[in-house]
Amino acid sequence: MQSVQDSVSLSFSYSVKELVEMLTVVGDAVSSTSTLPVLQNVLVGVSEGMLSIISTDLNIWISTSSRVVSSTPGKIVADYARLRGFVSGFEDGNIELSISGGKVIARRGKSRLLMNTVSPDSFPVKPEVTWESEFRIECDELLRMVRATKRSTVNEKYKPVLNGILWKSSPGVVEMVATDGLRLSRARTQRTDQNDGQSVVIPKYAIDIVETNLTKIGAGDVSVLLSKDAFMLRAGSLEIMSRVIAGAYPDYNRVIPTGGTCSIVVDCSSLLSAVKRA
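The rules we used
Residues numbered from 1 in each chain as written. Predicted model: local features only at pLDDT ≥ 70, side-chain atom pairs only at ≥ 80, totals over all residues. Heavy atoms only, no water. Pairing = 2+ DSSP bridges. Helix = DSSP H or I, 4+ residues; strand = E, 2+ residues; numbered from the N terminus. Contact = heavy atoms within 4.5 Å. Axes fitted to C-alpha atoms, helices over the stretch in contact; angles between N-to-C directions. 1 Å grid on protein atoms, 1.4 Å probe; cavity = no way out; pocket = protein on both sides within 12 Å on 5 of 7 lines; lining within 4 Å. Points joined across faces, edges and corners; volume = space filled by probe spheres on them. Nonpolar A, V, L, I, M, F, W, Y, C, P; charged D, E, K, R; others polar. Salt bridge = Lys/Arg side-chain N within 4 Å of Asp/Glu carboxyl O. Left-handed = near helix turned anticlockwise from the far one by under 90°. Polar contact = N/O pair within 3.5 Å; in protein donor to acceptor, adjacent residues only side chain to side chain. Buried < 20%, exposed > 50% of the residue type's maximum accessible area, 1.4 Å probe, protein only.

Draft legend 1. Focus on the sheet that holds strand β9 (residues 111–116). Taking strand neighbours across the sheet as the criterion, the five strands line up as β5-β1-β7-β8-β9 in an open arrangement whose pairing is antiparallel. This sheet does not close on itself; its edge strands, each paired only once, are β5 (71–72) and β9. The pairing of strand β8 (residues 103–108) with β9 spans six bridges and is classified as antiparallel. Bridged to Arg-107 within β9 is Arg-112. Across the sheet, helix α1 (residues 16–26) is in contact with β1 (11–15), β7 (94–100) and β8; its angle to β1 comes to roughly 100°.

Draft legend 2. Representation of empty space enclosed by the protein within the structure. This structure, assessed with the given rule, holds one cavity of 30 Å³ or more. Lining the largest cavity are Ile-54, Trp-61, Ile-62, Ser-63, Lys-126, Met-232, Glu-239, Ile-240 and Met-241. At the level of secondary structure, the elements contributing two or more residues to the lining of the largest cavity comprise β4 (60–67) and β17 (238–243). By residue class, the composition of the lining of the largest cavity is six nonpolar, one polar and two charged.

Draft legend 3. Expanded view of the environment of Met-176. Position of Met-176 relative to the elements: it lies in strand β12 (residues 173–179). If sequence neighbours within four positions are ignored, Met-176 has contacts with Leu-142, Met-145, Val-146, Thr-149, Ile-165, Leu-166, Trp-167, Ser-185, Arg-186 and Ala-187.

Draft legend 4. Looking closely at the pattern of salt bridges. Going through the model one piece at a time under the given rule, you end up with 13 salt bridges. Residues Glu-239 and Lys-126 are paired through a salt bridge, measuring 3.1 Å at the closest nitrogen-oxygen approach. In this pair, Glu-239 sits in strand β17 while Lys-126 sits in the loop between β9 and β10 (133–138), placing the two residues 113 residues apart along the sequence. One network of salt bridges, in which partners are shared, links Arg-147, Lys-150, Lys-204, Asp-208 and Glu-211.

Draft legend 5. Representation of the packing of helix α3 (residues 139–149) against helix α4 (residues 204–217) in the model. α4 packs onto α3 with a crossing angle of 145° between their chain directions and a minimal axis gap of 10 Å. With respect to the hand of their crossing, α3 and α4 are arranged in left-handed fashion. Of α4, the residues touching α3 (which contributes Cys-139, Leu-142, Leu-143, Val-146 and Arg-147) are Ile-207, Glu-211, Leu-214, Thr-215 and Ile-217. In terms of residue class, the contact of α3 with α4 is built from seven nonpolar, one polar and two charged.

Draft legend 6. Quick look at the pairing of β1. The sheet contact formed by β1 and β5 spans two bridges and is antiparallel. The partner of Phe-12 across the bridge, within β5, is Ser-71. Sheet analysis places β1 next to β7, joined by five bridges and oriented antiparallel. Considered in β7, the bridge of Tyr-14 is made with Ile-95.

Draft legend 7. How the structure looks around the side chain of Ser-55. For Ser-55, the position within the fold is in strand β3 (residues 50–56). A distance of 2.5 Å separates the side chain of Ser-55 from the backbone oxygen of Val-26, its partner in a polar contact. Sequence-distant contacts of Ser-55, defined by excluding residues within four places in its chain, comprise Val-26, Ala-29, Val-30, Val-42, Ile-60, Trp-61, Ile-62 and Phe-123.

Draft legend 8. Broad picture of the sheet that holds strand β14 (residues 198–203). Spatial strand order, β13-β12-β11-β14: four strands in an open sheet with antiparallel pairing. The strands lining the two open edges of the sheet, one partner per strand, are β13 (184–190) and β14. Across the sheet, the mean angle from the axis of one strand to that of its neighbour is 15°, orientation sign disregarded. Direction of pairing for β12 relative to β13: antiparallel, over a ladder of seven bridges. Counted as the bridge partner of Glu-175 is Arg-188 from β13. Relative to β14, α4 is tilted by about 90°, and along the sheet it contacts β11 (164–170) and β14.

Draft legend 9. Structural detail: unusual backbone geometry. With a phi close to 50°, Glu-48 is a non-glycine residue in the positive phi region. Along the chain, Glu-48 turns up in the loop between β2 (41–47) and β3. Under the relative-accessibility criterion, Glu-48 is labelled exposed at 73%. In this structure, Leu-58 takes a positive phi of about 80° despite not being glycine. The class of Leu-58 is partly exposed, set by a relative accessible area of 31%.

Draft legend 10. Broad picture of the layout of surface pockets. By volume, the largest pocket amounts to about 400 Å³. If you go around the largest pocket, you meet 18 residues; those closest to its centre are Leu-43, Ser-52, Ile-54, Lys-75 and Phe-123. Put simply, the parts of the chain that give the lining of the largest pocket at least two residues each are β2, β3, β4 and β6 (74–79). Here the residues of the lining of the largest pocket sort into eight nonpolar, seven polar and three charged.

Distances and angles like these do not, on their own, reveal function.
Below you can see the structure in the form of structure tokens.
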């Protein structure tokens, strides 16, 4: 790998608690098994008073940012596991992070951690994407749709599209669908914008990361961006971008009954109890 240049500079002081939270968020995209050592690292940068941390396994990119008061602009590549382990060892106060002599230096009081680093140019660049559809949706509503559909995904070797959830955006409606060939789950919600529609299949591992972060966010609006090659979730300073699964999704509308004349309203808890007893 390319070695770090002496001209690279960065320094900042930041809250231990908040830095741990930022590192935890990006940790889902850090690869511990990749043959590319740089993917076991995170890209830490400071620009115009904003601290940013980015991770990727080349399928998912996660980034988060926060304002930092005392800082020198720059970028460094830091070993994720060692940095998080060091920072997590403290309960409060500030961590100082800087680079000197080609090494990343983390300090907290009398404790110090030195890590080798590489040039920031060695870290993979997030692909440029032309987004074809964008909509905003309530966090709790999107979380409901994710939980209602992901249970029907499956690990299918010969039909990769079944390994994810179909996200379908059209004027007035957002729809999510998952099927394993035996069962099918669909969730829908209304939308107010009138952007052009787009359908993509999001991998289950990306859906799991989205669910985890939506649970932490709890309330408020999030933005979803779709293209034929990728999707992105934006919530405040958090961005999660993932590649999508290529291929045509099954025509699920053909197996959904239509034209029924009878409907039954039952108590949810009673029905669930009866199903469990059966």
